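# Coordinate analysis (summary)
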Amino acid sequence: MARRVTRTRKWAVTIVAWVIGILIFFPILWTILTSFKTEGEAVAMPPSLLFFDWTLENYREVQQRSNYFMHFLNSVTISLGSTAIGLVIAIPAAWAMAFQPTKRTKDLLMWMLSTKMMPAVGVLVPIYLIFRDTGLLDSRLGLTIILTLIDLPIIIWMLYTYFKEIPGEILEAARMDGATLVAEIVHVLTPMAIPGIASTLLLNVILAWNEAFWTLNLTAAQAAPLTAFIASYSSPEGLFYAKLSAASTMAIAPILILGWFSQKQLVRGLTFGAVK
Amino acid sequence: MGSITLRQVNKKFGEVAVIPSIDLEVEEGEFVVFVGPSGCGKSTLLRLIAGLEDVTSGAVLIDGKDATRLPPAKRKLSMVFQSYALYPHMSVRANIAFPLKMAGMPKAEIDAKVADAAETLNLTDYLDRKPRQLSGGQRQRVAIGRAIVRQPSAFLFDEPLSNLDASLRVQMRLEIAELHQQLGATMIYVTHDQVEAMTMADKIVVLNKGRVEQVGSPLELYRAPANLFVAGFIGSPRMNFIRGQAAAAYGAATIGVRPEHIQISTEGGIWQGTVGVTEHLGSDTFLHIHTEDLGTLTVRAGGYVDFGPGDTISLTPDPGRIHRFDSDGRAIR
Ligand SMILES: Nc1ncnc2c1ncn2[C@@H]1O[C@H](COP(=O)(O)OP(=O)(O)O)[C@@H](O)[C@H]1O
Ligand SMILES: [Mg+2]
C-alpha cells in the first residue's frame, strides 16, 4: 500500500512539474516559433503550432534594419561591467557584514534591501536630470553605473548569505596558522566562497542583461543594449510580431545558452544556497 | 619556550562579564586542563590566550613577554578546534602544510615535515584526500597534524574529542597524552568532561561562571576539593552531600562523602537506608540508597554485592575521608 501511494505521488509530482515547466517555458517557445513565421501567419487565427512555412526572412530583415552586433556588445559591456564593479564593492562589504558584524549590521542590510522596494519610476526624473547634466545619457558608462547601483543590494545580500555559511572557525584556524589577512582571504576565504561568488555573478549578469526600465529610459541609440533593440520592433502601428519575435529570440539566445551551461550554479544562486 | 601567564584577565561581551578576573600561571611543558560546565567561559578563556578575542582588561604573557595586543598569527600558538576547522578545499597534505607555507618555509622542507607529521599520526595513506573523505577520527588527526608541524610554543585544544564516539574518544585521549610526552610541549586543553581532565592533566583548572574555583593536580582536586563546586564536579559518581544534623555532628554546614568511601553492611553502621536502583558495571556496583533524613546516597561497592532493591542496609563512611564545608561552601581544613 505505502509503496503504491508513494509511486502514485511521485508520478503526480512529476506531471505537475512538467505542466508548470511547460507553462513557464511556453511564451519563450511561442516567441521562438513565431520568429520563424511570416507576419501574416504570426497573427493568424487559429494559430498554427508547428505546421507553417518556416522562414528565416524575419532574421534577415532584422539584421538589415538594425545593428544587432552593436546592441549585443552594449549588453555585454553593461551587464559584465556592472557585475564586475558590483562584485568588487560587494565582496568586501559582505565580508565585513558576515564576519565582523556590529549591532547595526542587520539594520544596514534591511535598509539596503528597502531601496529595492521603491518603484524605479519614482526616481526616474532626478536620475534623468543628473544623467543629462553630467553627460551620461545614452552612454555605456552611465548605464553601467546605474545597473551597478540598482543591483548592488542584491549582490551584497547574496554574497552575505553565502559568506554566512562559511564557518568562522575555519578563518580563525587560518589566523592561528599564521596567515595574514591577505593570505586568509586569498588562500582560505575566496576558494571556499567561489561557488557563491560564481552564482552571484551569473544571476547578476542575467538580471542586468534583461533590465529594461533604465536601459530603455536612459539610452537613445549609441548605448542601447538588446532590450532597446527588442523595443524598437514593438510599434503600435504595424504587423511586426514576427520581427519582434525574431529580435527577442536573438536578444535572449546568448543568455539562454549561458543559463543552460551554468544551470547548476544558477539553481544554487536562485535558491540562495538552500539546495546543496 | 611555552609558559603562559594571565594577569587579571577580564572579558566582557557587551555588559556581561563572562570572565570577571582571572590570574593563572601555565608553566613550560605542562599539560593544563580547563574544566567546567558548559557555558562557564572555557572557550572564551582559551580564545583570549589564542588572541582570537581581545581582553577587555588585563594582560596575557607568553614566554614572559606581553602578548596582549599581538594578533593570533604572531603568538606562535597552535589550536585544535572542536569542529576541527579543516580547510575543506585543500587536501590533507595541503592542510597540514598550510602553517609552514604561511611561515614561508622552502618546499622541500615542508614536504619532509608533512611526511613526518603524517607518519606520527598514521595519516600517510590519506595525504591526497580531502577532509570530507575522512572519518571523524581521521579529521581529528589532521587537525592535530596541522597543529604539530610548526612546533609552536604551546598547543591549545578546545574540546577536541567531543564529536567522537566513546571508544575513539578513549583512544584519542591516549594518543594526545602520548603526543604530550613525546613533544614535551605546553598544552592547554579545554573540556567539560571531568574524566578527560583527571586522566590527562598535570594541572586542572576548575572554572565556574568565569571564575577559577581551584587549581591543582588531579589527585589534589580529588582528595582536597576547595569548595562544594569542585567537590561535586570532580569524581564520578558524584560526591554525596549531607546537610543538617548529620553534618553538624561533624562541625560543618555540609559534609561530603564520595560513593567509594562508604562501607555497606547488614547492620552496625551509623546511617540506615533502603536499597533503591542498583547499577551493575561488572567491576563495580552503584547502589542508590534512600535514607530517612539524609536523602538519597550513592554508594560504590564491588562487583559482587549481596544486596538488592528493597533491602535494608547499614552505611559507614570512612571517617578519614569525610569532606567538611562551611555555610559558604568552602572546605574546612
Ligand atoms: N561572541 C560572544 N558574544 C556574546 N556572548 C558570548 C560570546 N562568546 C561566548 N559568549 C558567552 O560567554 C559565555 C561563555 O561561553 P564559552 O566560553 O563558549 O563557554 P564554554 O566554552 O565553557 O562552554 C556563554 O554564556 C556565552 O553565551
Ligand atoms: Mg566551549
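Described below are features of the structure shown in this document. Note that residues are indexed from 1 along each chain, following the sequence as it is written. Throughout, the order in which chains and ligands are written sets their labels, letters from A for the former and numbers from 1 for the latter. Owing to the predicted nature of the model, reporting of local features is limited to residues with pLDDT of at least 70; listing and counting of side-chain atom pairs is limited to 80 or more, with chain, interface and lining totals taken over all residues. Side-chain figures throughout are based on the complete set of non-hydrogen atoms in the structure, without hydrogens or water.

## Regarding the site of ligand 1
All names here are of chain B. In this text, near means that some heavy atom of the residue lies within 4 Å of the molecule or strand in question. As a matter of local geometry, ligand 1 sits amid Phe 13, Val 18, Ser 38, Gly 39, Cys 40, Gly 41, Lys 42, Ser 43 and Thr 44. Within 3.5 Å is the distance limit for a polar contact, defined as a pair of N or O atoms, with the added protein rule that one can donate a hydrogen and the other accept it, and that residues adjacent in sequence qualify only through two side-chain atoms. Within the backbone of Lys 42, a nitrogen or oxygen atom sits 2.9 Å from an oxygen atom of ligand 1. Burial of ligand 1 by the surrounding chains reaches 55%, relative to a free accessible area of 550 Å². Classification used: nonpolar for Ala, Val, Leu, Ile, Met, Phe, Trp, Tyr, Cys and Pro, charged for Asp, Glu, Lys and Arg, polar for all others including Gly. The residue makeup of the shell around ligand 1, split by class, is 3 nonpolar, 5 polar and 1 charged. Method for areas: the Shrake-Rupley scheme with a 1.4 Å probe, in which residue coverage is limited to the protein chains shown.

## Concerning the sheet that holds strand β2 (residues 16-26) of chain B
Residues and elements named next belong to chain B. Strands qualify as paired when DSSP identifies two bridges or more between them. A run of DSSP states H or I qualifies as a helix once it reaches four residues; a run of E qualifies as a strand once it reaches two. Both are numbered from the N-terminal end. Pairing is antiparallel across the open sheet formed by 4 strands, whose spatial order is β2-β1-β4-β5. Two strands lie at the open edges of the sheet, namely β2 and β5 (65-66), each paired on one side alone. With 5 bridges joining them, strand β1 (residues 4-13) and strand β4 (residues 57-62) adopt antiparallel strand pairing. Directly across from Leu 6, in β4, lies its bridge partner Val 60. In this fold helix α1 (residues 42-50) packs onto β1, β2 and β4, with an angle of close to 120 degrees to the strand it touches most, β1. Note on contacts: a residue pair qualifies if any of its non-hydrogen atoms lie within 4.5 Å across the two residues. Where helices are involved, their axes are fitted lines through C-alpha atoms of the stretch in contact, as for all axes, and angles between N-to-C directions lie from 0 to 180°.

## Examining the layout of surface pockets
Residues and elements named next belong to chain A. When its volume is computed, the largest pocket comes out at roughly 400 Å³. Every definition here rests on a 1 Å grid over the protein atoms only: cavities are sets of points where a 1.4 Å probe fits but cannot get out, pockets are open sets enclosed by protein on both sides within 12 Å along at least five of seven lines, and lining residues have some atom within 4 Å of a point. What lines the largest pocket is a set of 17 residues, and nearest its centre among them are Thr 115, Lys 116, Met 118, Leu 149 and Ile 150. Going through the elements one at a time, α5 (105-114) and α7 (140-165) are the ones with two or more residues in the lining of the largest pocket. Per element, the largest residue contribution to the lining of the largest pocket is 6 residues, and it comes from α7. Taken together, the residues of the lining of the largest pocket break down into 14 nonpolar, 1 polar and 2 charged. Grid points are joined across faces, edges and corners, and a volume is the space filled by probe spheres set on the points.

## A closer look at the pairing of strand β14 (residues 271-280) of chain B
One face of the sheet, then the other: side chains in a regular strand alternate in exactly this way. All names here are of chain B. For β14 and strand β17 (residues 312-317), the ladder comprises 4 bridges, and the chain directions are antiparallel. Counted as the bridge partner of Trp 271 is Leu 315 from β17. Of the pairings in the sheet, the one linking β14 to strand β15 (residues 284-291) comprises 6 bridges and is antiparallel in character. Pairing of Thr 278 across the sheet is with Leu 287, part of β15. The antiparallel hairpin formed by β14 and β15 contains 3 residues in its connecting segment, where Gly 282 sits at a positive phi of about 95 degrees.

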